[in-house]
Amino acid sequence: MIYYIAVSRYIARNYERFRDSFPGGKGEGRVMFVMTYKMEEEKHEKNRRTARIIAAIAVTLAGAIVASLATDTSSAWYESLTLSPLQPPPWAFAAVWTVLYVLIAVSFALVVSKRRVCGAAVVGYVVNLVLNALWSPVFFLAYMPGPALVVMIALIVNLVILMRNVSAVSRPAFYMLVPYIVWLGIATILNVSVIVLN
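Residues numbered from 1 in each chain as written. Predicted model: local features only at pLDDT ≥ 70, side-chain atom pairs only at ≥ 80, totals over all residues. Heavy atoms only, no water.

1. Side note on the packing of helix α7 (residues 145-167) against helix α9 (residues 178-197)
In the contact formed by α7 and α9, the axes pass within 10 Å of each other and the chain directions differ by 160°. Classified by the interaxial angle, the pair formed by α7 and α9 is roughly antiparallel. For α7 against α9, the interelement crossing comes out left-handed. Between α7 and α9, the contacting residues are P145, G146, A148, L149, M152, L155, I156, L159, V160 and M163 on the first element and V178, Y180, I181, L184, A187, T188, N191, V192, V194 and I195 on the second. Residues that form the contact of α7 with α9 fall into these classes: 17 nonpolar, 3 polar and no charged. (Axes fitted to C-alpha atoms, helices over the stretch in contact; angles between N-to-C directions. Helix = DSSP H or I, 4+ residues; strand = E, 2+ residues; numbered from the N terminus. Parallel < 35°, antiparallel > 145°, perpendicular 65-115°, else oblique. Left-handed = near helix turned anticlockwise from the far one by under 90°. Contact = heavy atoms within 4.5 Å. Nonpolar A, V, L, I, M, F, W, Y, C, P; charged D, E, K, R; others polar.)

2. A look at the nonpolar core
One finds W97, Y125, F139, V166, L177 and Y180 to be the most contacted residues of the largest nonpolar core, which totals 39 residues. Once residues within four sequence positions are removed from consideration, Y180 is found in contact with W97, L100, I104, N128, N132, L155 and L159. (Core = buried A, V, L, I, M, F, W, Y, C linked by side-chain atoms within 4.5 Å. Buried < 20%, exposed > 50% of the residue type's maximum accessible area, 1.4 Å probe, protein only.)

3. Points about the UniProt feature "transmembrane region" (unreviewed entry) in the protein chain
When the UniProt feature table is mapped to this numbering, "transmembrane region" (unreviewed entry) covers residues 53-71, 91-112, 117-135, 141-162 and 174-197. Counted over residues 117-135, helix gives 89% and strand 0%. Its end C-alpha atoms are 28 Å apart. Note that residues 174-197 is 92% helix and 0% strand, and that its end C-alpha atoms are spaced 35 Å apart. (UniProt positions renumbered as here; feature names shortened; annotations may be inferred.)

4. Comments concerning α9
Under the 1.5 Å per step criterion, the end-to-end length of α9 is 29 Å for 20 residues, consistent within 8% with the ideal 28 Å. Along α9, the residues that are buried comprise Y180, W183, L184, A187, T188, L190, N191, S193 and V194. In the core, the buried residues of α9 are packed alongside α5 (90-112), α6 (119-141) and α7. (Expected span 1.5 Å × (residues − 1).)

5. Observations concerning a nonpolar patch on the surface
A cluster of nonpolar residues, Y175, V178, V182 and I186, forms a patch on the protein surface that exposes about 340 Å² of accessible area. Take the nonpolar patch: its biggest share by element is 3 residues, from α9. Summarising the element assignment, Y175 is placed in helix α8 (residues 171-175). (Patch = residues over 30% accessible without salt bridge, like charges linked within 9 Å, V, L, I, M, F, W, Y side chains within 5 Å. Areas by Shrake-Rupley, 256 points an atom, 1.4 Å probe, with all protein chains shown as cover. Salt bridge = Lys/Arg side-chain N within 4 Å of Asp/Glu carboxyl O.)

6. Details of α7
Between its terminal C-alpha atoms α7 stretches 32 Å, which fits the 33 Å expected from 23 residues at 1.5 Å a residue. For α7, the set of buried residues is P145, A148, L149, V151, M152, L155, N158, L159, L162, M163, N165 and V166. Where α7 is buried, its residues contact α4 (76-79), α5, α6, α8 and α9.

Here is the structure:
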């Protein structure tokens, strides 16, 4: 970024010399100069978009790894719980969350790939991933379903706001978050059932 700005300023300061250096006179030189400048600008914008997409995927992956490492369905505490008859088996949770994290990553990438990035949406994704990663250690490692429910509610509120912001930027990115909020609704019911039944 700093290099790009420096080069742009250098070209701007030396416009006359760059313009006259092209063959065909000043008129053609002016056209060539503008075309070259625009090509460099487009190349830089493409690089910035690629960097933002990689960052979005990396942040999502980090959140998924933290949540996965903190999830322990084989602990003595978890196995001693009275669970709802609607409770899916552990493998189902892993499968569903894998799909959801892929959808979140793609949704995030679509939003940051825009020329004008919505800052509120980016913050929303990051906060959402942090809250999502926080739920697992609170529930599975700290053995606190009550506080975990508070985290879940905050997560849903954040997601509703996030989806509103995303809908104004990218409809495909918005639709990719729909299965996520449906699953959080199911997870909330299961969280409540653990509190009630135990």
